[in-house]
Amino acid sequence: MNLILENKINATLKNIFNKLDLDDKFAFVKVSDRADLSDFQCNGALALAKINHKNPREVGMMIANELQKCEFCESISVDGPGFINIKLKNEVIAQNADKMAEDERLGCGLVENPHKVVLDYGGPNVAKTMHVGHLRSGVIGESVSRIERFIGNEVISDVHLGDWGTPMGMILAEIIRQDGNLDKVESYDIAQITEFYKQANIRCKEDETARENARIITAELQDGNTEYHKAWQHLRGESVKAIKANYEQLDVNFDLWWGESNAHKTCGEIVDIARKKGISEVDNGAEIIRLEEGNKPKPPVILIKSDGGYTYHTTDIATIKMRVDDLAAEEIVYFTDSRQTLHFEQVFEAAQKLGIAPDVKLKHIVFGTVNGADGKPFKTRDGGVMDLETLIEMSKDKVRQSLPKAGEVEGYGEAEIEKLTSQIAIAAIKFQDLRNCIASGYVFELEDFAKFEGKTGPYIQYAIARINSVLRKAEAGGLQCGAIILDTVEERTLALKLAQVHNVIMRAHTDKEPSIIAEYTHNLAQIFSTFYNTCPVMSAATPQLIASRLQLAKLTRDILKLMLYLLGIEAPEIMLKAENKGE
Ligand code: ARG
């Protein structure tokens, strides 16, 4: 079912362009910038006139004359230097919305050629407290994962734990230093393990011998030392438990809990391939792959350090090979902040030289940092790293201020209020993160991010709950949805906005940019609010109009819910407010 209005117009334009012998690569429209003039506009006449040395208005008129004959156009005009403005008939928009409401995918199509995508996000590290950077990667990755699955691609998400580098040797060294051996390791919980890591970090910064010791232990661990391996397994296990609990709260999910360590065996294969291909060389005791110096010189990839250990480069290159060979990945996408841009450029180039991922798309999506009001990376009040746990608690505290207390509303005891608090708090955190273009950083807004108004997650949740309440009342009164009639400007604007949903999702998919969905969701909620304030639903003039407005409300609710789902945010059926005790 093709419920995309733009496609309908584009197909007609294509025929017209062919008939007029114009290059049909310009035969497309976009949503109009001037809603007062038109619904869609085609700017093709300008480009064509330039190529053919003609007057753009004349070319525009030629196209407009043909468009005039189409049964779906209400009015066509050529404005300014040659913009073709197209206004659709109300019935066309209404029928389209009716069909969207009937369709289980709400008019959203699937990709033509689905493929398998491996998404690498989260990326927390063993024994290190998860900070807001890991939050961003998780939140963005989860949303992209849902978008990709929704449009029909096969997705495998992998957390890619940092579980195999020097920090592992540092912790083991620190435990041995304090305890004399590793006998007590298995009694340590995550708090103790994190503390050991903190102390190891301080020590290694100050003391070259400690650094050297940690390096040796890391190399031995990687080499298969059984005592170290057993202790390491405990550290990893405890960390994974803590990380899982954190991501569970955020509703960030992974198909695989692989890490750098899983790539160890394949690291050896990578070295073999490099040697066979003659692309590695020994340099100062390390084995490296030199990269093309093209227009942007890059430092070489280090496959094996002089102490015999593999590097972050090697595990990532090996992981690409595993994802291609074992998971049949056709595309691999990574989500980290910009500090790893060079790392991935090196890894991708090395993978290409090694020939381990032919025809596989490798993409690094870079996101900006989360900053505090001072413009510097977001910290706790006492200046420490803002960890996820603290952030979620802070958000919950804010939300609690806007909600009634347990027992104040019927049916809402301690457990129900807590669940709602958490749903709203997570929505607030995630929406604040996703409403910004991914590449730009943002200032974590401490005051307004959890409010029920403004560009916030709770605002959208509230909009949905408001429609739920209308639909419940309608149902109780025996009222049903029916064919959509577009009587007023507000109804028409709403129906046109709803019709954009497919293209919005496709753009978010192509650009791997959930903020496109967040922006649309917020606009749609606002447009609905204007409609709701000007067009009474239950007290509309005729039964047909009531049925139509109910249908518009229901379709809006379903699309808003789908959008929140794609952003990884839950939509509670009912929202409560401290002042008026809910809808
Ligand atoms: N563990 C890394 C970090 O905390 C992020 C991992 C990103 N993914 C990857 N395949 N390298 O910076």
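Right above here is the structure, for reference.
Residues numbered from 1 in each chain as written. Predicted model: local features only at pLDDT ≥ 70, side-chain atom pairs only at ≥ 80, totals over all residues. Heavy atoms only, no water.

### Points about the sheet that holds strand β4 (residues 83-88)
Backbone-to-backbone hydrogen bonds pair the strands of a sheet. The strands run either parallel or antiparallel. To be explicit about the condition: By definition, two strands form a pair when at least two bridges between them are found by DSSP. Going along the chain from the N terminus, every DSSP run of H or I of four or more residues is numbered as a helix, and every run of E of two or more is numbered as a strand. Whether two residues touch is decided by their heavy atoms; if any such pair falls within 4.5 Å, the residues are in contact. In this analysis an axis means a line fitted to C-alpha atoms, helices contributing only their contacting stretch, and an angle means the value between N-to-C directions, from 0 to 180 degrees.
The 4 strands are arranged β1-β2-β4-β3 in an open sheet whose pairing can be described as antiparallel. Edge positions in the sheet fall to β1 (30-31) and β3 (73-79), since each has one partner strand and no second. Summarising the sheet, β3 and β4 pair through 6 bridges and their orientation is antiparallel. Residue pairing across strands places Ser77 opposite Asn85, the latter belonging to β4. Running over the sheet, helix α3 (residues 56-68) touches β3 and β4 and is turned about 175 degrees from β3.

### Some details on the sheet that holds strand β9 (residues 301-304)
Taken in spatial order, the 3 strands make up an open sheet running β7-β8-β9, and their pairing is antiparallel. Each edge of the open sheet is held by one strand with a lone partner, namely β7 (280-283) and β9. Taking the axes of each pair of neighbouring strands and ignoring which way they run, one obtains an average angle of 40 degrees across the sheet. Strand direction decides the pairing type here: β7 and strand β8 (residues 286-289), joined by 4 bridges, are antiparallel. Bridge pairing links Glu281 to Ile288 in β8. Along the sheet, helix α10 (residues 264-277) contacts β7, β8 and β9; its crossing angle with β9, the most-contacted strand, is approximately 115 degrees.

### Some remarks on unusual backbone geometry
Under the convention used in this document: Each residue's exposure class comes from its accessible area (1.4 Å probe, protein chains only) as a fraction of the maximum for that residue type: buried when under 20%, exposed when over 50%, partly exposed otherwise.
Here Leu106, not a glycine, exhibits a phi torsion of approximately 55 degrees, which is positive. In this structure, Leu106 sits in the loop between α4 (90-102) and β5 (116-120). Judged by its relative accessible area of 10%, Leu106 is buried. A positive phi is found at Ala328, a non-glycine position, where the angle reads about 55 degrees. Its location among the elements puts Ala328 in the loop between α11 (312-325) and β10 (331-337).

### Some details on the packing of aromatic side chains
Heads up, the rule is: The pairing test for Phe, Tyr and Trp rings, Trp by its six-membered ring, is centres within 6.5 Å, and the orientation test on the planes gives stacked under 30 degrees, edge-to-face over 60, and tilted for anything in between. To sit over a ring, a charge needs its Lys NZ or Arg CZ within 6 Å of the ring centre and within 35 degrees of the ring normal.
Scanning the model with the defined rule gives 15 aromatic pairs in all. Relative to Phe254, the ring of Tyr121 has its centre 4.8 Å away and its plane inclined at 35 degrees; by these criteria the two rings are tilted. A residue pair is termed long-range when its members are at least 10 positions apart, and Tyr121 in the loop between β5 and α5 (132-150) and Phe254 in the loop between α9 (226-249) and α10 qualify at 133 residues. With centroids separated by 6.5 Å and ring planes inclined at 35 degrees, the aromatic side chains of Tyr442 and Phe444 adopt a geometry described as tilted. When its relative accessible area of 5% is taken as the criterion, Tyr442 is described as buried. Judged by relative accessible area, which is 3%, Phe444 ranks as buried. Each residue in the set Tyr121, Tyr247, Phe254, Trp257 and Phe335 is aromatic and connected to the rest through ring pairs, giving one cluster. Over the face of the ring belonging to Phe150 we find Arg105, whose NZ or CZ atom lies 4.1 Å from the ring centre. The lysine or arginine in question, Lys244, covers the ring of Trp257, its NZ or CZ lying 4.9 Å from the ring centre.

### Description of the pairing of β8
On β8, burial covers both faces: Ala286 and Ile288 on one face and Glu287 and Ile289 on the other are all buried. Connecting β7 to the next strand, β8, in antiparallel fashion are 2 residues, including Asn284 with a positive phi near 55 degrees. For β8 and β9, the ladder comprises 3 bridges, and the chain directions are antiparallel. The residue of β9 that forms the bridge with Glu287 is Ile304.

### Some thoughts on the environment of Gln340
With respect to the helices and strands, the residue Gln340 is situated in the loop between β10 and α12 (341-354). Look at Gln340 and you get partly exposed, because its relative accessible area is 23%. The residues contacting Gln340, other than those within four sequence positions of it, are Tyr312 and His364.

### Focus on the pairing of β10
Burial analysis of β10 places 7 of its 7 residues in the buried class, which makes it a mostly covered element. Burial along β10 is two-sided: Glu331, Val333, Phe335 and Asp337 and Ile332, Tyr334 and Thr336, pointing in opposite directions, are all buried. Where β5 meets β10, 4 bridges bridge the pair, whose relative direction is parallel. What sits directly across from Leu119, in β10, is Val333.

### Some thoughts on the nonpolar core
One broad rule of soluble globular proteins: the nonpolar side chains tend to lie buried together. The criterion, for reference: Among buried residues, the Ala, Val, Leu, Ile, Met, Phe, Trp, Tyr and Cys ones that are joined through side-chain atoms within 4.5 Å form a nonpolar core.
Counting 135 residues, the largest nonpolar core has Ile63, Leu67, Ile505 and Ile559 as the members making the most contacts within it. With 13 residues, the top contributor of residues to this core is helix α19 (residues 543-567).

### Let's talk about the side chain of Ser548
Of note, Ser548 is situated in helix α19. Excluding anything up to four places from it in sequence, Ser548 contacts Gly482, Ala483, Ile484 and Ile485.

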